[in-house]
Amino acid sequence: MEFPSILIPFMTESMTESMTESVRAVCRNIIFMWVLFALTGCSFFLSTKEIILHLPQLPESYEVISSDSVALLVVDEEGRSYSAVCPQGSTVDIAVEQSRMFIVLARYGSEIPCAGAVLPWDGENEAELTFFKGYCGELLLDLQNADGSPYLVNYSRMLEQTVEVSQGNPGRLDRRRILSALMLGNLLSRDIVLLPEYVLPQETLPDGNWFPVEPLGQEVSNGEWGTFRQGRTLYFNGEYTLTVCCDSLGWSVYSVPACYYSTGYW
């Protein structure tokens, strides 16, 4: 850019060249700032966002083992965590930093499995929490805590297989096998399988109807044939808790508050 001498007759040639270079430098700086804004401007103003979470409400029968308040935890791909305490059945807005993935878990009690969701697969900025999603979310969080990469997992497929194979209750699945496959980075459909199950003899349980601590489990009662998975399963009624343990050798059923104990071999 040259300045006609007729317009600035009082400037020497060296002064004109100096001003020309200054103008060019200013123009370069302006262009640089515009490019920088175009590339990173969104991150300046949109470094945070809100996600909307809809929490489930447990049935009234769970009042004896759950709290009215739910402990909500949100963990992003970078390991940043956000927490809140909110009522069951509520809708919550959480302000979070931008991230590719958010694992959401809601705990209703010490023994109750978490409800949950994983964003963006369960919703870009809004999600309804369920206990199936919570089961998968806890697996992904365990993977992340072991320095794995949950973002690379085909979450939608894992959730679909979990629902299909478990037939309504993810607690029936072999969690250890699923997590082991996730740790190896090679989760396949054949890794999502049921735990071994056993049928207890009639009259093994104490009297009364017993509700599963797992909200998706099945109610059981004395005098009926019951199918129980390998491992430990918890139940409750209005007064007592009940523990059923099964393995390939036999079973034990006990309720300390009710002073009840039964054991046997297959």
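Definitions and limits used
- Residues numbered from 1 in each chain as written.
- Predicted model: local features only at pLDDT ≥ 70, side-chain atom pairs only at ≥ 80, totals over all residues.
- Heavy atoms only, no water.
- Buried < 20%, exposed > 50% of the residue type's maximum accessible area, 1.4 Å probe, protein only.
- Helix = DSSP H or I, 4+ residues; strand = E, 2+ residues; numbered from the N terminus.
- Arc of directions from axis to C-beta.
- Contact = heavy atoms within 4.5 Å.
- Pairing = 2+ DSSP bridges.
- Phe/Tyr/Trp six-rings, centres within 6.5 Å; stacked < 30°, edge-to-face > 60°.
- Lys NZ or Arg CZ within 6 Å of the ring centre and 35° of its normal.
- Polar contact = N/O pair within 3.5 Å; in protein donor to acceptor, adjacent residues only side chain to side chain.

(A) Examining helix α4 (residues 175–183) more closely. Along α4, the residues that are buried comprise Ile178, Leu179, Ala181 and Leu182. The arc that holds the buried residues of α4, viewed along the axis, is 160°, so those residues lie on one side. Those residues of α4 that are buried lie in contact with α2 (131–145) and α3 (155–166). One or two steps after α4, the chain reaches Gly185, where phi turns positive at roughly 70°.

(B) Local environment of the sheet that holds strand β12 (residues 231–236). In spatial order, the strands read β10-β9-β12-β13-β14-β15; together these six strands make up an open sheet with antiparallel pairing. The two strands at the open ends of the sheet, each matched to only one other strand, are β10 (220–221) and β15 (260–265). As judged from the two bridges shared by strand β9 (residues 209–212) and β12, these two strands associate in the antiparallel manner. When the bridges of β12 are listed, Phe211 appears paired with Phe236.

(C) The packing of aromatic side chains, seen in detail. Per the counting criterion, the structure on display carries eight aromatic pairs. Aromatic pair Tyr62 and Phe236: ring centres 5.2 Å apart, planes at 65°, arrangement edge-to-face. Highlighted residues: Tyr62 in the loop between β1 (48–54) and β2 (69–76) and Phe236 in strand β12, separated in sequence by 174 residues. Judged by centre distance (5.5 Å) and plane angle (45°), the rings of Trp121 and Tyr151 are tilted. Here Trp121 is found in the loop between β6 (115–119) and β7 (126–128), whereas its partner Tyr151 is found in the loop between α2 and α3, with 30 residues between them in sequence. The partly exposed category is assigned to Trp121, whose relative accessible area is 31%. Chaining the aromatic ring pairs together yields one cluster made of Tyr62, Phe211 and Phe236. It is Arg100 that lies over the ring of Tyr151; its NZ or CZ is 3.8 Å from the centre.

(D) Expanded view of the side chain of Arg229. If you trace the backbone, Arg229 turns up in strand β11 (residues 226–229). At a separation of 3.1 Å, a polar atom in the side chain of Arg229 contacts the main-chain carbonyl oxygen of Gly171. Here Glu214 takes part through its side chain, which lies 2.5 Å from a polar atom of the side chain of Arg229. Beyond its immediate sequence surroundings of up to four residues, Arg229 is in contact with Asn169, Gly171, Arg172, Leu195, Pro196, Glu197, Glu214 and Cys246.

(E) Fine view of the pairing of strand β14 (residues 250–255). With respect to burial, β14 is a largely interior element, five of its six residues being buried. With four bridges joining them, strand β13 (residues 241–246) and β14 adopt antiparallel strand pairing. Bridged to Val244 within β14 is Val253. Between β13 and the antiparallel strand that follows it, β14, lie three residues. Bridge count for β14 against β15 is six bridges, and the pairing is antiparallel. For Ser255, the partnering residue across the bridge sits in β15 and is Tyr260. Linking β14 to β15, which pair antiparallel, is a turn of four residues; within it Cys259 sits at a positive phi near 55°.

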